[in-house]
Amino acid sequence: STLEVLIFLQMALDIKENVALKDYSTMRVGGPARYLTAVSTQEELVEALDFAKKKSLPVFVVGGGSNVVFLDSGYGGLVIACRVKGFKVLRETKKHVFIKVGAGEVWDNVVSRSVEMGLSGIEAMSIVPGLVGAAPIHNIGCYGQEVSETILELTAYDTKKEEGVIFENQDCKFGYRISRFEKEDKGRYVVLDVTFRLGHTWMKPPFYKDVEQYFKEHGVKEYSPNEIRKAVIAIRTYKLPDPNKIANTGSFFRNPVVSMKKFNNIAERVPSLNEAPKGWPQPPRWFLSDGKVKIAAARLVELAGFSSYEDKETGMATWPRQNLVLVNQNARSAADVIVFRNKIVKAVKDMFDIELEDEVEIVQ
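Everything quoted here is computed from the prediction, not taken from an experiment.

1. Observations regarding the packing of helix H5 (residues 209-217) against helix H6 (residues 225-239)
Moving on, step 1. Taken N-terminus to C-terminus, the directions of H5 and H6 make an angle of 110°; their axes are 10 Å apart at the nearest point. It follows that H5 is roughly perpendicular to H6 by the angle criterion. Along this stretch, H5 crosses H6, giving a crossing that reads as right-handed. Contacts from Asp 210, Val 211, Tyr 214 and Phe 215 in H5 reach Glu 227, Ile 228, Lys 230, Ala 231, Ala 234, Ile 235 and Lys 239 in H6.
Moving on, step 2. When its residues are assigned to classes, the contact of H5 with H6 shows seven nonpolar, no polar and four charged.

Structural data, given as structure tokens:
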């Protein structure tokens, strides 16, 4: 009808059909999305969700694509690329500066700006790939900082109640590399912006061994946010492949947690799990306060025979300096990625009776 045509013309959104999803994942594989659109405001997000609702389509929200792999069959619904921008200093106190940032901002650009302002809180998370919206979802962290320590609140859109909602820090249920947005409420909320509370107080030693080593070698005695950033960039650049240059989605697997009994059984069979490998500051396991044991997945992958491994069959490989990172050397499809993933999972399961869990989201 004419009315429907008019309403359609009023829609600001550009909804495209059959868009290649390999351009929306840093692994650079994946089939087409039936529909895809980018949103930069809550209003546009609502419009996109309405479109999907009318057509009874599933929805998947993507950020920078550094933590997702799309299958070759693509996605049969609407993929929404979150591109909400903004960087605003809200207020300043003696100790803190409060900054509101759009979920579609590049994470490292925000870290860089905060460091230029002389602020501490996120500098050790320099050059972590992805957009700001993903930071609270995964509760990203490295080298002694965790994003949950700096988040005051965030705005999200509740797709169930169809309204915007503000979550204070304690409402987010942050845990180690996890939050309610990745756990019980997965897919329900779309993060729109995050308010950070950053400080004027610098990080203090002791630092992670790699960082200590860098400071020693470079004669650094003042631990300003800028010096921490420089150290982390140097370490990460040495250890990890840049997803802009080499197709990968960062650490593919989580570090598994097992019972003490299970760990002791495994360590009896494979004593090297209880010994520090060459170049490691400690054995590849951590005894947790709840009596369980967290094991370094990287060491399991290595002992299962996949260190610096190049797989001719799939065109996939493990990165020589961090074998949790699966890199796409010349894989032609997502199927190749999955086949390689399965080889590693099976080898680790056969050797240790541990089922590795993906840290990367494989979108069904």
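Now that the structure is up, let's keep going.
2. Side note on unusual backbone geometry
Moving on, step 1. Looking along the chain, the bond that leaves Pro 205 and enters Pro 206 is cis, with omega of 0°.
Moving on, step 2. Following the sequence through the fold, Pro 206 ends up in the loop between strand S12 (189-199) and H5.
Moving on, step 3. Even without being glycine, Asn 139 reaches a positive phi, approximately 45°.
Moving on, step 4. Look at Asp 353: it is not a glycine, yet its phi comes out positive at around 55°.
Moving on, step 5. Mapped onto the secondary structure, Asp 353 falls in the loop between helix H9 (334-352) and strand S20 (361-363).
Moving on, step 6. Asp 353 sits in the partly exposed class, given a relative accessible area of 40%.

Rules used throughout
Residues numbered from 1 in each chain as written. Predicted model: local features only at pLDDT ≥ 70, side-chain atom pairs only at ≥ 80, totals over all residues. Heavy atoms only, no water. Axes fitted to C-alpha atoms, helices over the stretch in contact; angles between N-to-C directions. Helix = DSSP H or I, 4+ residues; strand = E, 2+ residues; numbered from the N terminus. Parallel < 35°, antiparallel > 145°, perpendicular 65-115°, else oblique. Left-handed = near helix turned anticlockwise from the far one by under 90°. Contact = heavy atoms within 4.5 Å. Nonpolar A, V, L, I, M, F, W, Y, C, P; charged D, E, K, R; others polar. Buried < 20%, exposed > 50% of the residue type's maximum accessible area, 1.4 Å probe, protein only.

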